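Residue-level structure breakdown
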Amino acid sequence: MGLNDKQVKKNKSFWQSFGHAFDGVKSLVLTERNFRKHLVFAILAVVLGIIVRLTINEWLWVTLAIFMVVTAEVLNTVVESIVDLVVGERYEAAAKKAKDVAAGGVLLAAFFAVIIGCFVYIPELLKFV
Ligand SMILES: Nc1ncnc2c1ncn2[C@@H]1O[C@H](COP(=O)(O)OP(=O)(O)OP(=O)(O)O)[C@@H](O)[C@H]1O
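Overview of the structure. Quick caveat, the model's predicted, so the values are computed rather than measured.

Attention now goes to unusual backbone geometry. Within the chain, R53 stands out as a residue other than glycine whose phi angle is a positive 55°. A relative accessible area of 70% places R53 in the exposed class.

Looking now at the side chain of N76. On the secondary structure map, N76 appears in helix α3 (residues 56-87). Here N76 falls in the buried class, since its relative accessible area comes to 8%. Only 3.5 Å separates the side chain of N76 from the backbone nitrogen of A103, close enough to count as a polar contact. Those residues in contact with N76, other than ones at most four positions away along the chain, are K99, A102, A103 and V106.

This part is about the site of the ligand. Looking at the ligand, the residues that line it are N34, N76, E80, V87, G88, R90, Y91, E92, A95, K96, K99 and D100. In this structure, a nitrogen atom belonging to the ligand sits 3.1 Å away from a main-chain N or O atom of E92. One of the side-chain nitrogen or oxygen atoms of K99 is found 2.7 Å away from an oxygen atom of the ligand. Contact with the protein chains hides 63% of the accessible area of the ligand, taken as 600 Å² for the molecule alone. When residues of the shell around the ligand are traced back to their parent elements, those giving at least two are α3 and α4 (93-126). Of the residues forming the shell around the ligand, the biggest block, four residues, is contributed by α4.

Nonpolar side chains collect at one region of the surface, where V74, V78, I82, L85 and V86 lie side by side and expose about 470 Å² of accessible area between them. Relative to the helices and strands, I82 resides in helix α3. Relative accessible area serves as the criterion here: at 48%, I82 is assigned to the partly exposed category.

Rules used in this analysis
Residues numbered from 1 in each chain as written. Predicted model: local features only at pLDDT ≥ 70, side-chain atom pairs only at ≥ 80, totals over all residues. Heavy atoms only, no water. Buried < 20%, exposed > 50% of the residue type's maximum accessible area, 1.4 Å probe, protein only. Helix = DSSP H or I, 4+ residues; strand = E, 2+ residues; numbered from the N terminus. Polar contact = N/O pair within 3.5 Å; in protein donor to acceptor, adjacent residues only side chain to side chain. Contact = heavy atoms within 4.5 Å. Near = heavy atom within 4 Å. Areas by Shrake-Rupley, 256 points an atom, 1.4 Å probe, with all protein chains shown as cover. Patch = residues over 30% accessible without salt bridge, like charges linked within 9 Å, V, L, I, M, F, W, Y side chains within 5 Å. Salt bridge = Lys/Arg side-chain N within 4 Å of Asp/Glu carboxyl O.

As structure tokens, then:
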């Protein structure tokens, strides 16, 4: 297995599927700059959450926000890869729309995460003032 694996046939076992899914996550981390930035923000949110001792309810909202951004980044990367595969370097209005809408999805998810962050962390941090 690995990112240079040339397999094109269906996976034959759960572990083979899992390995390829893991390669996908590895590829996101290694090749997507924005994904890495969001990962850093997610880690900071978790560390801050531990410091201010979030409640279970607050953790649920923070986790939802983190995974919404991650999911949007995953879909954005999938769209980019498919558009590049089909269109290559050629300019296409439909390619621009697909990539811009996918990037817009990430922006909306990040906006949602900022709103959740404000609701959850600001009251907790004000307790220290
Ligand atoms: N084949 C294409 N035809 C038309 N417009 C394109 C094409 N490829 C890219 N673009 C435009 O260029 C922008 C940047 O392209 P790129 O492939 O770097 O997108 P990106 O990888 O989504 O950027 P980022 O990594 O910041 O998310 C796209 O959002 C789109 O507006």
